[in-house]
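What follows is the residue order along each chain.
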Amino acid sequence: MIKRIITAASLAADSCFLWGPRQTGKSTLLRTLFPGAPTYDLLSAREFRRLSADPGIFAEECAALPDRRQPVIVDEIQKLPALLDEVHSLMSRRGLRFILTGSSPRKLLRGGGNLLGGRAVRHDLLPLTSAEVGDISLDTALNRGLLPAHYLSARASSRLAAYVGDYLREEVLAEALTRNLPAFHRFLEAAALSNGQLVNSATISREIGGSANTVRGYFDVLVDTLVADWVPAWTKRAKRRVIQAPRFWFFDIGIVNELARRGTLLPGSAEYGAAFEHFIFMELRAHALYAGRGAGLPVSYWRTAAGFEVDFILGDAEVAVEVKSTDRPTTDHLRGLRAWREEHPKSRCLLVCRAPRARRAEQGIEILPWKEFLSRLWNSEIRAG
């Protein structure tokens, strides 16, 4: 069994929300960490109907629990926001602890739901990381993605297709996030082709037959349901004129493969290179979230109007990371890092690739094999040089 980075101690210290896209393993993690904890699964139609008819029953049952050392787990809390008032009361009056999971905080955040007055810590569960898998297979990760059920399955292709269908049906349609599901599905496919790029809403709107405002609203839906995110541009202390628009990323490589209909990815192809960059982004994002305040390095990117670019800037310009899927890096692959170093001479500059051995190139730029880079990242050794 794969051991996740999030621990029982971190979750049970206080009441908390545990957010994460579908099938990241929230329920499995909690069953493993808290096997005896009372659990309410709101994906169960019977449980949902019972508690939605009278949320007070939930409070009465929790108040009657004989063992209060275990947290009370409520799965998919966004399905029934009314329970949060009961949770708040039980926390205040009876000192009970809760772990509230969800795959979409949109309804709570945008609907004015009770977020427990800041008394619940937020945790996020992402797809698997190299630190959790151990001897990770790069080709498997790039083709199947890193959702546990996909990475570990020989039937990943059919599971990925089902995942997209479940997302459209259970997150988008059930929550009434759009009235035009076919248009939203077309948007998903167009968005997948923009993965890792700057987004042109006007172009996508023409492709799907909707307005630019509609497209921007669709991107908001993806972010709010945790299946995508924006990476900001690095704009501080810029000597060159820089691009300020954010880059768009889906939360998992496999989902992009399915939506973009990539087929099998092979080294040397443009799609393989894009997936490799996405893989490194997922690791950087996970480390930034899991390492905790003060330890994780926030991720941004840098691009100038003249065309110089570095894929990822970590922290306050402490580290610059360029990602290339090549196994034979050349001086041309260092172009963006050289330009970055001219403006940030104290920044550590790394080229992450599939080269067999690490080496130091011109201007002190380090070339690191991807496995070595990830090992150093999770051992907190990726800092300013």
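You'll find the structure just up there.
Residues numbered from 1 in each chain as written. Predicted model: local features only at pLDDT ≥ 70, side-chain atom pairs only at ≥ 80, totals over all residues. Heavy atoms only, no water.

Asks: Is there a simple way to explain the side chain of S300 in this structure?
Replies: Of note, S300 is situated in strand β8 (residues 299-303). Of the residues examined, S300 reaches a relative accessible area of 8% and is grouped as buried. Among all residues touching S300, those that are not within four sequence positions of it are V231, P232, A233, W234, D311, F312 and I313. (Helix = DSSP H or I, 4+ residues; strand = E, 2+ residues; numbered from the N terminus. Buried < 20%, exposed > 50% of the residue type's maximum accessible area, 1.4 Å probe, protein only. Contact = heavy atoms within 4.5 Å.)

Asks: I keep staring at the sheet that holds strand β9 (residues 309-314) and nothing clicks. Help me out?
Replies: Backbone-to-backbone hydrogen bonds pair the strands of a sheet. The strands run either parallel or antiparallel. Here we have six strands laid out as an open sheet, ordered β8-β9-β10-β11-β13-β12, and mixed in their pairing. Of all the strands in the sheet, just β8 and β12 (359-360) have a single pairing partner and so form its edges. In the sheet, β12 pairs with strand β13 (residues 366-369) via two bridges, with the strands oriented antiparallel. Pairing of R359 across the sheet is with I367, part of β13. Relative to strand β11 (residues 348-353), helix α16 (residues 335-343) is tilted by about 170°, and along the sheet it contacts β8, β9, β10 (319-323) and β11. Of the strands in this sheet, β10, β11 and β13 are in contact with helix α17 (residues 370-378), which crosses β13 at around 95°. (Pairing = 2+ DSSP bridges. Axes fitted to C-alpha atoms, helices over the stretch in contact; angles between N-to-C directions.)

Asks: I would appreciate a short explanation of empty space enclosed by the protein in the present structure.
Replies: Summary: where empty space remains is shown by rolling a probe the size of a single water molecule over the atoms. For the structure on display, the rule yields three cavities of 30 Å³ or more. The space that makes up the largest cavity amounts to roughly 70 Å³. Contributing to the lining of the largest cavity are L126, P127, L128, T129, F251, F281, M282, E283, R285 and A286. Its volume calculated, the second largest cavity comes out at about 60 Å³. (1 Å grid on protein atoms, 1.4 Å probe; cavity = no way out; pocket = protein on both sides within 12 Å on 5 of 7 lines; lining within 4 Å. Points joined across faces, edges and corners; volume = space filled by probe spheres on them.)

Asks: Before we go on, may I ask you to explain the sheet that holds strand β4 (residues 98-102) in this structure?
Replies: Pairing within the open sheet is parallel, and its five strands lie in the order β2-β3-β4-β1-β5. Edge positions in the sheet fall to β2 (39-41) and β5 (121-124), since each of these pairs with one other strand and no more. Averaged over all adjacent pairs, the angle separating strand axes in this sheet is 15°, with direction ignored. One ladder, built from four bridges, connects strand β1 (residues 16-19) with β5; its direction is parallel.

Asks: Hey, could you run me through the packing of aromatic side chains in this one?
Replies: One pair of aromatic rings is described through two measures. These are the centre distance and the angle between the planes. For the structure on display, the rule yields 18 aromatic pairs. When the centroid spacing of 5.2 Å and the interplanar angle of 50° are considered together, the rings of F187 and Y218 count as tilted. Taken together, the residues F187 in helix α11 (residues 181-193) and Y218 in helix α13 (residues 212-224) connect sequence positions 31 residues apart. For the pair F187 and Y218, one class covers both residues: buried. A ring pair is formed by W302 and W340, whose centres lie 5.3 Å apart and whose planes are at 75°; its orientation type is edge-to-face. A residue pair is termed long-range when its members are at least 10 positions apart, and W302 in strand β8 and W340 in helix α16 qualify at 38 residues. (Phe/Tyr/Trp six-rings, centres within 6.5 Å; stacked < 30°, edge-to-face > 60°.)

Asks: For this particular structure, what's the right way to read the nonpolar core?
Replies: It is characteristic of soluble globular proteins that their nonpolar side chains tend to be buried jointly. Ranked by size, the top nonpolar core spans 50 residues in total, and within it F279, I280, F312 and F373 carry the most contacts. With ten residues, the top contributor of residues to this core is helix α15 (residues 270-290). (Core = buried A, V, L, I, M, F, W, Y, C linked by side-chain atoms within 4.5 Å.)

Asks: Please clarify how the packing of α11 against α13 should be interpreted in this entry.
Replies: In a packed pair of helices, the relevant descriptors are the angle between the two axes and the axis-to-axis distance. The interhelical angle for the contact between α11 and α13, taken along N-to-C directions, is 75°, at an axis separation of 11 Å. By the angle class used here, α11 and α13 are roughly perpendicular. Packed against α11, whose contacting residues are A183, F184, F187, L188 and A191, the element α13 presents V215, Y218, F219, V221 and L222 at the interface. Across the contact of α11 with α13, the residue classes tally to ten nonpolar, no polar and no charged. (Parallel < 35°, antiparallel > 145°, perpendicular 65-115°, else oblique. Nonpolar A, V, L, I, M, F, W, Y, C, P; charged D, E, K, R; others polar.)

Asks: What should I look at first to understand the pairing of β10 in this one?
Replies: In terms of burial, β10 is largely enclosed, as five of its five residues are buried. Of the two faces of β10, the one carrying V319, V321 and V323 and the one carrying A320 and E322 are both buried. With three bridges connecting them, β9 and β10 associate as antiparallel partners. Bridge pairing links L314 to V319 in β10. Here β9 folds back onto β10, and the loop between the two strands holds four residues, one of which, G315, carries a positive phi near 65°. Sheet topology places β10 next to β11; five bridges connect them, and they run parallel. Counterpart to V321 in the pairing with β11 is L350. As a crossover connection, the stretch from β10 through α16 into β11 is right-handed. (Right-handed = clockwise from strand over helix to strand, strands pointing away.)

Asks: Where do I start with the pattern of salt bridges in this structure?
Replies: Side-chain pairing between opposite charges can occur once the charged atoms of the two side chains come close. Under the criterion given, the structure shown has 16 salt bridges. Note that D135 is salt-bridged to K371, the shortest N-O span being 3.2 Å. Within this pair, whereas D135 is found in the loop between α7 (130-133) and α8 (138-144), its partner K371 is found in helix α17, the two being separated by 236 residues in sequence. For D135, a relative accessible area of 65% gives the class exposed. Across the salt bridge formed by E322 and K324, the nearest N and O atoms sit 3.4 Å from each other. Look at E322 and you get buried, because its relative accessible area is 6%. Within this structure, R348, E366, E372 and R376 form a network of salt bridges that share partners. (Salt bridge = Lys/Arg side-chain N within 4 Å of Asp/Glu carboxyl O.)

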